[in-house]
Amino acid sequence: MKYLNNLNGLTRRDALKGMGAAAGGAVLALGTPSILRAKESPLVVVSGGGVYEESIRKAVIDPFQSETGIQVTYVSPAAEAKLKAQVETGNVQWDVVELSRPAFRPDASKYLEEIDYGAFDKETLDNLLPEAKTKYAVGSYVFSTVMSFSNVEYPADKPRPHSWAEFWDTAKFPGPRSLRSAANGDPTSIEFALLAAGVPKDKLYPIDFDKAFASLDKLKQDITKFWTDGADVNQLLSDRHVAMASAFNGNMELLKSQGAAVDYQWDEGELSALHWIVPKGTKNRSAAMRFVAYQASAQAQARLNNLIFYGPFNRAAFKYIEPKVATKLPTAPENIDKQFFRDMGFWGAQTSSGKSNTDVLVERWINWAAG
């Protein structure tokens, strides 16, 4: 998943610089949860590299090592195929991996350990969003795909769309648009098309593919480009090739901070999540469960989300996040209720044909886009 390596199209170095400055040094002042120290074999933690690695080392891994005495070896990138190969050959080298999709596939039990929620303290469990607590995965962070605008065509003092139905209304809100391609399995444009067709955000699932593509048919001629990488839509908006688009919240916030004439709003945004999983057969199961419990704690999540544009899964984290940073995060109380979560279980589920719903989406999208 590309956003693990480039912060949804922007480098994490830029994001670290921008959000770190905004946090005003508060990250270093935060304490860490009290966890008993223990000497265990090194824990292999796998996730994205670059500035994300810098952020998670500073916010989670270093404090975890200090508090528990468990040494961590960090590896990147995370790859689903490599995870499966390790389990299938019985040569499991990874202990904790930041990936979502394997946990929501029908064969999850074959490749993943069940999460031991007995390793979590009550405060953490009570404050985690329901979407964070699944059988084979624990939530790591949340980002949003939101409606974004060129401020030249749609300045703040001019009426703008506040729903995908209005985004689809090219008579009332003229101008070229951009949406994300689903050729790689991303479902946001399908979800937004259903919202535009009048489906309430809490009734999106199960997805009605026929209705979604019929809705997309109505807007197709006004789409300048179906973007695949966050950098693409950044350029489209900044260079005024489109008047409005779906885009990653972190990209838009960083572009705004750099003076670009772009803006965004949270209404009917899609919340996407990354999760921590534990490979089946790990040699460090106990330490792995302690790590996923630790990263889910309020203070650990606050340290991380003071540094990057992601939102915490732990609601109590906002007690420790700078208020001016918190308002920019997807899961802030004033933002989350305006949005909806992607249903990972639906997209991982198999259809009667034996294909996953994601496979069905990709096939239908490719055929539709070529038509």
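For the structure given in this document, a descriptive report is provided here. Please read all numbers here as calculations on a predicted model, not as lab measurements. (Residues numbered from 1 in each chain as written. Predicted model: local features only at pLDDT ≥ 70, side-chain atom pairs only at ≥ 80, totals over all residues. Heavy atoms only, no water.)

Considerations on the overall build of the protein
Move 1: Within the protein, the secondary structure is distributed over 18 helices and nine strands.
Move 2: Out of the 371 residues belonging to the protein, those deemed buried represent 58%.
Move 3: Sequence separation of at least 24 residues holds for 72% of the intrachain contacts in the protein that already meet a minimum separation of 6.
Move 4: Accessible surface, the protein as shown: approximately 14600 Å² in total, 51% of it carbon and sulfur. (Helix = DSSP H or I, 4+ residues; strand = E, 2+ residues; numbered from the N terminus. Buried < 20%, exposed > 50% of the residue type's maximum accessible area, 1.4 Å probe, protein only. Contact = heavy atoms within 4.5 Å. Areas by Shrake-Rupley, 256 points an atom, 1.4 Å probe, with all protein chains shown as cover.)

Quick notes on helix α12 (residues 249-257)
Move 1: Within α12, seven of the nine residues are buried, which leaves it mostly tucked inside the rest of the structure.
Move 2: Of the residues one or two after α12, Gly259 is the one with positive phi, at around 95°.

Some thoughts on helix α10 (residues 209-219)
Move 1: For α10, the complete set of buried residues consists of Phe209, Ala212, Phe213, Ser215, Leu216 and Leu219. Summarising the axial view, the buried residues of α10 lie within an arc of 155°, below the 170-degree limit, and thus occupy one face. Seen from the buried face of α10, the exposed residues on the opposite side, beyond 90 degrees, are Asp210 and Lys218.
Move 2: Close packing links the buried residues of α10 with α8 (164-167), β5 (177-180), α9 (188-196), β6 (223-227), α17 (344-348) and α18 (357-370).
Move 3: Capping the start of α10 is the job of one residue whose side-chain oxygen sits 3.3 Å from the backbone nitrogen of Asp210: Asp208. (Arc of directions from axis to C-beta. Polar contact = N/O pair within 3.5 Å; in protein donor to acceptor, adjacent residues only side chain to side chain.)

Examining empty space enclosed by the protein
Move 1: This model, assessed by the stated rule, comprises one cavity of 30 Å³ or more.
Move 2: Lining the largest cavity are Tyr52, Ile56, Val60, Ser140, Trp276, Gln295, Ala300, Gln301 and Leu304. (1 Å grid on protein atoms, 1.4 Å probe; cavity = no way out; pocket = protein on both sides within 12 Å on 5 of 7 lines; lining within 4 Å. Points joined across faces, edges and corners; volume = space filled by probe spheres on them.)

Regarding the pairing of strand β2 (residues 72-75)
Move 1: Side chains of β2 alternate between two faces, with Val72 and Tyr74 buried and Thr73 and Val75 left unburied.
Move 2: Sheet topology places strand β1 (residues 43-46) next to β2; four bridges connect them, and they run parallel. By the bridge assignment for β2, Val45 is matched with Tyr74.
Move 3: With helix α4 (residues 50-68) bridging β1 and the parallel β2, this β-α-β connection has right-handed handedness. (Pairing = 2+ DSSP bridges. Right-handed = clockwise from strand over helix to strand, strands pointing away.)

A closer look at the pattern of salt bridges
Opposite charge on two side chains permits them to pair, given that their charged atoms come into close proximity.
Move 1: Counting across every chain of the model gives 17 salt bridges.
Move 2: The partner of Glu114 in a salt bridge is Lys135, with the nearest N and O atoms 3.9 Å apart. With Glu114 in the loop between α6 (108-111) and α7 (122-127) and Lys135 in the loop between α7 and β4 (138-150), this residue pair connects regions lying 21 residues apart in the sequence.
Move 3: Residue classification places Lys135 among the partly exposed residues on the basis of a relative accessible area of 49%.
Move 4: Between Asp263 and Arg160 there is a salt bridge, and its shortest N-O distance comes to 3.0 Å. Placement of the pair is Asp263 in strand β8 (residues 262-277) and Arg160 in the loop between β4 and α8, with a sequence separation of 103 residues. (Salt bridge = Lys/Arg side-chain N within 4 Å of Asp/Glu carboxyl O.)

Considerations on the packing of α4 against helix α13 (residues 285-295)
Move 1: Viewed as axis vectors pointing N to C, α4 and α13 meet at an angle of 120°, and their least axial separation amounts to 11 Å. The orientation of α4 relative to α13 falls into the category oblique. The interaxial crossing formed by α4 with α13 has right-handed handedness. Listed contacts from α13 to Val60, Ile61, Pro63, Phe64, Glu67 and Thr68 of α4 are Ala287, Arg290, Phe291, Tyr294 and Gln295.
Move 2: Classifying every residue of the contact of α4 with α13 gives seven nonpolar, two polar and two charged. (Axes fitted to C-alpha atoms, helices over the stretch in contact; angles between N-to-C directions. Parallel < 35°, antiparallel > 145°, perpendicular 65-115°, else oblique. Left-handed = near helix turned anticlockwise from the far one by under 90°. Nonpolar A, V, L, I, M, F, W, Y, C, P; charged D, E, K, R; others polar.)

Overview of the packing of aromatic side chains
Move 1: Summed over all chains, the structure comprises 25 aromatic pairs.
Move 2: Judged by centre distance (6.0 Å) and plane angle (80°), the ring pair of Phe209 and Trp347 falls under edge-to-face. Of this pair, Phe209 sits in helix α10 while Trp347 sits in helix α17, and the two are 138 residues apart along the sequence. For the residue pair Phe209 and Trp347, the accessibility class agrees, reading buried in each case.
Move 3: Judged by centre distance (6.3 Å) and plane angle (55°), the ring pair of Phe213 and Trp365 falls under tilted. Here Trp365 lies in helix α18 and Phe213 lies in helix α10, a separation of 152 residues in the sequence. Note on accessibility: Phe213 and Trp365 belong to one class, buried. (Phe/Tyr/Trp six-rings, centres within 6.5 Å; stacked < 30°, edge-to-face > 60°.)

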